[in-house]
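# Summary of the model geometry
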Amino acid sequence: MVPLAPNPTKVMLYIAEREALGCRLGIEQIVVNTLKGRHREPEHLARNPFGTLPVLELDDGSYLIESLVIMEYLEERFAADSLMGSDPQQRAMARDLERVVELRIALPMGGYVHAKKSPLGLPPDPALAQSIEDKLQAPLNHLESLLSDGRNLLLGDRPSLADCTLASALQFLRFIQADLIGDRPKLRAWDERYRQRPAAKAVLKW
């Protein structure tokens, strides 16, 4: 894990939320510092040849290397206090919103960070950053609309995969002191509420 990059951060949030609900996953979390290039060292490449994070080592010594798959595996292996719900419709809705947040918001926000002030030292690209910001408006409006019914979190009163994914993306923005929430009071209130959760306080650094 590394406490900055969005993908490992959302898995760290997921684990913290599950444990806050009373589920003991028994996962040892190990930091691999990407800013120091540790993800390119042979020890990590043996776990994941793409050099990305997160990675979950399974009991038989094999590895899962995609964040959503890691969370879904833990949902299935430890069914108590699930973040995805217990029936097919609840689980489908949880997956659907997580995909909306990941593909339409979190991934573009990651691109925005690198276009504005990349932690990896990539050159700024103001035109790309503006294009991404423009495309983010519709999905951010969608979340504002979802929250208009007074729900506490993105899918109701319990944390979801989507909450973890969005919170990790917003932390990446805060790392470069950026704010793309705009004039969306319900989404901004969600952000403030979520960051006060014990799981968020234990994981988020910015």
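Report follows, based on the coordinates. (Residues numbered from 1 in each chain as written. Predicted model: local features only at pLDDT ≥ 70, side-chain atom pairs only at ≥ 80, totals over all residues. Heavy atoms only, no water.)

## Overview of the overall build of the chain
- Summing up its helical and strand segments, the chain has eight helices and two strands in all.
- From first element to last, N terminus to C terminus, the chain shows the α and β order α-α-β-β-α-α-α-α-α-α.
- Against the 2.2 N^0.38 benchmark of 17 Å for 206 residues, the chain shows a C-alpha radius of gyration of 17 Å, consistent with a compact globule.
- Counting all 206 residues of the chain, 46% fall into the buried class.
- A fraction of 61% describes how many contacts in the chain between residues 6 or more apart in sequence connect residues 24 or more apart.
- Here the chain holds 26 positive side-chain charges and 28 negative ones, and the gap between their average locations is 4 Å. (Helix = DSSP H or I, 4+ residues; strand = E, 2+ residues; numbered from the N terminus. Rg over C-alpha atoms; globule rule 2.2 N^0.38 Å. Buried < 20%, exposed > 50% of the residue type's maximum accessible area, 1.4 Å probe, protein only. Contact = heavy atoms within 4.5 Å. Lys, Arg positive; Asp, Glu negative; His and termini not counted. Charge placed at Lys NZ, Arg CZ, Asp CG, Glu CD.)

## A few points about the environment of Phe-175
- Relative to the elements of secondary structure, Phe-175 occurs in helix α6 (residues 161-175).
- Each C-alpha atom of the pair Phe-175 and Gly-51 lies 22 Å from the other, and the pair is 124 residues apart in sequence.
- With residues up to four places along the chain from it excluded, the contact list for Phe-175 reads Leu-4, Pro-119 and Trp-206.

## With respect to helix α4 (residues 88-117)
- An ideal rise of 1.5 Å per residue puts 44 Å on 30 residues; α4 measures up with 41 Å between its terminal C-alpha atoms.
- The largest bend in α4 amounts to roughly 35° and is located at Glu-102.
- The residue sitting at the N-terminus of α4 and contributing the capping side-chain oxygen is Asp-87; that oxygen lies 3.0 Å from the backbone nitrogen of Gln-89. (Expected span 1.5 Å × (residues − 1). Bend = angle between axes of the 7 residues up to and from the residue. Polar contact = N/O pair within 3.5 Å; in protein donor to acceptor, adjacent residues only side chain to side chain.)

## Describing the pattern of salt bridges
- Overall, the coordinates contain 12 salt bridges when judged by the stated rule.
- Between Lys-10 and Glu-98 there is a salt bridge, with the nearest N and O atoms lying 3.4 Å from each other. Linking Lys-10 in helix α1 (residues 6-20) with Glu-98 in helix α4, this pair joins segments that are 88 residues apart in sequence. Residue Lys-10 shares its accessibility class with Glu-98, and that shared class is buried.
- A salt bridge links Arg-18 to Glu-75, with the shortest nitrogen-to-oxygen separation between them at 3.3 Å. Within this pair, whereas Arg-18 is found in helix α1, its partner Glu-75 is found in helix α3 (residues 67-77), the two being separated by 57 residues in sequence.
- Using a relative accessible area of 2% as the deciding quantity, one classes Glu-75 as buried.
- Residues participating in the shared-partner salt-bridge network are Lys-10, Glu-98, Arg-99 and Glu-102. (Salt bridge = Lys/Arg side-chain N within 4 Å of Asp/Glu carboxyl O.)

## Focus: the packing of aromatic side chains
- Under the definition given, this model contains two aromatic pairs.
- For the ring pair Phe-175 and Trp-206, a centre distance of 5.0 Å and an interplane angle of 80° mean the geometry is edge-to-face. Taken together, the positions of Phe-175 in helix α6 and Trp-206 in the segment after α8 (198-203) put the pair 31 residues apart, joining distant regions of the chain.
- Taking relative accessible area as the criterion, Trp-206 reaches 39% and is therefore assigned partly exposed. (Phe/Tyr/Trp six-rings, centres within 6.5 Å; stacked < 30°, edge-to-face > 60°.)

## Some remarks on the side chain of Glu-72
- Tracing the backbone through its elements, the reader meets Glu-72 in helix α3.
- At a separation of 2.7 Å, a polar atom in the side chain of Glu-72 contacts the side chain of Arg-95.
- Here Glu-72 is in contact with Met-84 and Arg-95, once residues within four sequence places are set aside.

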